[in-house]
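Spelled out from the first residue to the last, the chains are:
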Amino acid sequence: MKLLLQYFNYHKKSIVVFISFGVIFAVVFFLYRLPVSAVGYGVAVCAFVGMIAMILDFQRFYRKHHQLKKVCEQINVTKEHLPSTKQLLEQDYQEIIYTLYQQRQELSDQMNNKYTDLVEYYTIWAHQIKTPIASMRLNLQSQDTDLSRELSDDLIRIEQYVEMVLCYLRLDSSSTDYVIREYDLDQMVKQAVRKFATQFIRKKITLRYNALGCNVLTDEKWLLFVIEQLLSNALKYTKSGGQITIELEQPKILCIRDTGIGIAPEDLPRVFEKGYTGYNGRSDKKASGIGLYLCRRICENLGHRIELSSDLDSGTVVRIHLNSANLEVE
């Protein structure tokens, strides 16, 4: 019905002109004292013929409308896909649409090529920069001083930033290397804890961790990145002498709890937004606001759900719902 009304609205000028002609003939016949009924018969015959013509024209209008809708849904514009037309103005409109689509495709190809080049460059850069990082770590391992331990912690942060760059670039890449299998959650958590062991010791932060005894369907590399990022944040915002707890809540909810400075209530709804640092981030000028955003995006890609709750000056709790994954095992 809506389409029919739009069709009549499109042809309203023709309908008004036809009615106007009928009224003119009726007035002329009346002034010349001719039988006005003759006009009525003529108008009726013309209306009947016009109605048949409009029905046929509406069918063409209907087919053309649905053809254009399909083109719009598929975003695949070629001259073969567009409906045929004999009107010059419609041909001009189609030519404009086709030209704009071609320009859009060229621009999209250029952007994809630039994005691919950027990802390749930073991938090479990340692998190259890991070589001097590894060399520096070997040199620092031969020393056991407060300075060497502090520099080792700085190296861990540098490695994290390198991994963040790669994760950020690969998030929307079609070549993201997900390997979905059943993994031992304890093994992943232990890898992350070992990585930050020196920071736990140096900051005198207690780790409360019991074996989780759980297998999860996920990608080990990407979920490990999330766990490391959450542990890094917990260590960063927990004062010396505090505590970090890693436990499993049922069903399959990994919980990382700290006794740190917490998050302001007004910041909680936006902590997973890209670039949002909040009050803590403004206090710590080094915060980028990317870490939790990456965690959320990765969890979404893996079919998991991440949520955060916090009380100011009392600590933060992050939960990863691992039972919500709906993935195909490789």
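The structure reproduced in this document is the subject of the present report. This one's a predicted model, so the numbers in the text were calculated from it and none came from an experiment.

## What about the nonpolar core?
Ranked by internal contacts, the top residues of the largest apolar core, which has 48 residues, are Leu185, Leu223, Ile227, Leu230, Leu231 and Leu254. With 10 residues, the single largest contributor to this core is helix α8 (residues 220–237). Sequence-distant contacts of leucine 231, that is, excluding residues within four places in its chain, are made with Ala192, Val193, Phe196, Phe200, Ile244, Ile246 and Ile256.

## Quick notes on the side chain of threonine 245
Among the structural elements, threonine 245 can be located in strand β4 (residues 243–249). A relative accessible area of 6% means that threonine 245 is categorised as buried. Only 3.4 Å separates the side chain of threonine 245 from the side chain of glutamine 243, close enough to count as a polar contact. Look past the residues within four positions of threonine 245 in its chain and what remains in contact with it is Arg208, Cys255, Ile256 and Arg257.

## Comments concerning the packing of helix α5 (residues 146–170) against helix α10 (residues 291–302)
In the contact formed by α5 and α10, the axes pass within 11 Å of each other and the chain directions differ by 45°. One finds that α5 runs oblique with respect to α10. The handedness of the crossing between α5 and α10 comes out as left-handed. Residues Met164, Cys167 and Tyr168 of α5 form the contact with α10, whose participating residues are Gly291, Tyr293 and Leu294. A per-class count over the contact of α5 with α10 returns 5 nonpolar, 1 polar and no charged.

## Comments concerning the packing of helix α6 (residues 185–195) against α8
One way to put it is that α6 packs onto α8 with a least axis distance of 9 Å and a crossing angle of 45°. In terms of orientation, α6 and α8 fall into the oblique class. Of the two elements, α6 crosses α8, and the hand of that crossing is right-handed. Residue-level contacts link Leu185, Met188, Val189, Gln191, Ala192, Val193 and Lys195 of α6 to Glu220, Leu223, Leu224, Ile227, Glu228 and Leu231 of α8. Tallied by class, the residues present in the contact of α6 with α8 amount to 9 nonpolar, 1 polar and 3 charged.

## Details of the packing of aromatic side chains
The relative placement of two aromatic rings is captured by the distance of their centres and the angle of their planes. Applying the stated criterion to the full structure yields 3 aromatic pairs. The interplanar angle of 75° and the centroid separation of 5.3 Å between the aromatic rings of tyrosine 121 and tyrosine 122 together place this pair among those described as edge-to-face. The class for tyrosine 122 is partly exposed, based on a relative accessible area of 30%. Ring geometry for tyrosine 122 against tryptophan 125: centres 6.0 Å apart, planes inclined by 80°, an arrangement best described as edge-to-face. Of this pair, tyrosine 122 and tryptophan 125 both sit in helix α4 (residues 88–141), 3 residues apart, roughly one helical turn. Owing to a relative accessible area of 29%, tryptophan 125 belongs among the partly exposed residues under this scheme. These aromatic residues form a ring-pair network of at least three members: Tyr121, Tyr122 and Trp125.

## Details of the environment of histidine 321
Within the fold, histidine 321 resides in strand β7 (residues 315–321). Distance from histidine 321 to proline 251, taken between C-alpha atoms, is 8.1 Å for residues 70 residues apart in sequence. Dropping the residues within four chain positions of it, histidine 321 is found in contact with Lys252, Ile253, His304, Arg305 and Glu307. At 3.1 Å, the side chain of histidine 321 forms a polar contact with the side chain of glutamate 307.

## So, the pattern of salt bridges
Applying the stated criterion across every chain, the model contains 12 salt bridges. Taking the shortest distance from any N to any O, the salt bridge between glutamate 163 and lysine 130 comes out at 3.0 Å. Of this pair, glutamate 163 sits in helix α5 while lysine 130 sits in helix α4, and the two are 33 residues apart along the sequence. Residue glutamate 163 is classed as partly exposed on the basis of its relative accessible area, which comes to 27%. Across the pair aspartate 154 and arginine 157 runs a salt bridge, and its minimum N-O distance is 2.2 Å. Residue aspartate 154 and its partner arginine 157 are both found in helix α5; the two are separated by 3 residues, about one turn of the helix. A residue is classified by how much of its surface remains accessible, and aspartate 154, at 28% relative accessible area, is partly exposed. It is possible to trace a salt-bridge network through shared partners that takes in Glu247, Glu249, Arg257 and Arg319.

## Points about unusual backbone geometry
In this model, glutamine 250 is joined to proline 251 through a cis peptide bond whose omega is 0°. Note on placement: proline 251 falls in the loop between β4 and β5 (253–258). At lysine 252, a position not held by glycine, the phi torsion is positive, near 55°. Relative to the assigned elements, lysine 252 resides in the loop between β4 and β5. Within the chain, aspartate 313 stands out as a residue other than glycine whose phi angle is a positive 65°. On the secondary structure map, aspartate 313 appears in the loop between β6 (305–311) and β7.

## Some words on the side chain of serine 232
Its location among the elements puts serine 232 in helix α8. Judged by relative accessible area, serine 232 falls into the buried class, the value being 14%. The contact partners of serine 232, leaving out residues within four places of it in the chain, are Gln160 and Phe196.

What counts as what
- Position numbers for residues start from 1 in each chain and track the written sequence from start to end.
- With pLDDT at 70 or above as the cut-off, local features in this predicted model cover only qualifying residues; side-chain atom pairs require 80 or more to be listed or tallied, and sums for whole chains, interfaces and linings still use all residues.
- To obtain the side-chain values, all non-hydrogen atoms of the structure were included, while hydrogens and water were left out.
- Among buried residues, those of type Ala, Val, Leu, Ile, Met, Phe, Trp, Tyr and Cys that are joined through side-chain atoms within 4.5 Å constitute a nonpolar core.
- Note on classification: 1.4 Å probe, protein chains only; a residue is buried when its accessible area is under 20% of the maximum for its type, exposed when over 50%, partly exposed between these limits.
- Numbering of helices and strands runs from the N terminus; a helix is a DSSP stretch of H or I covering at least four residues, while a strand is a stretch of E covering at least two.
- Residue contacts are counted whenever heavy atoms from the two residues lie within 4.5 Å of one another.
- Polar contact criterion, stated in full: a pair of N or O atoms within 3.5 Å, where within protein one must be able to donate a hydrogen and the other to accept it, and residues adjacent in sequence count only if both atoms are side-chain atoms.
- To obtain each axis, a line is fitted to C-alpha atoms, and for helices this fit is confined to the stretch in contact; angles are then taken between N-to-C directions over 0 to 180 degrees.
- In these notes the angle categories are as follows: under 35 degrees is roughly parallel, over 145 is roughly antiparallel, 65 to 115 is roughly perpendicular, and the rest is oblique.
- Handedness of a crossing is defined here by the sense of rotation of the near helix relative to the far one, left-handed for an anticlockwise turn of less than a right angle and right-handed for a clockwise turn.
- Ten residue types, Ala, Val, Leu, Ile, Met, Phe, Trp, Tyr, Cys and Pro, are classed as nonpolar, four, Asp, Glu, Lys and Arg, as charged, and the remainder, Gly among them, as polar.
- Each aromatic pair joins two rings of Phe, Tyr and Trp (for Trp, the six-membered one) with centres within 6.5 Å, and gets the label stacked for planes under 30 degrees apart, edge-to-face for over 60, and tilted for any other angle.
- By definition, a salt bridge exists where a carboxyl oxygen of Asp or Glu is found within 4 Å of a side-chain nitrogen of Lys or Arg.

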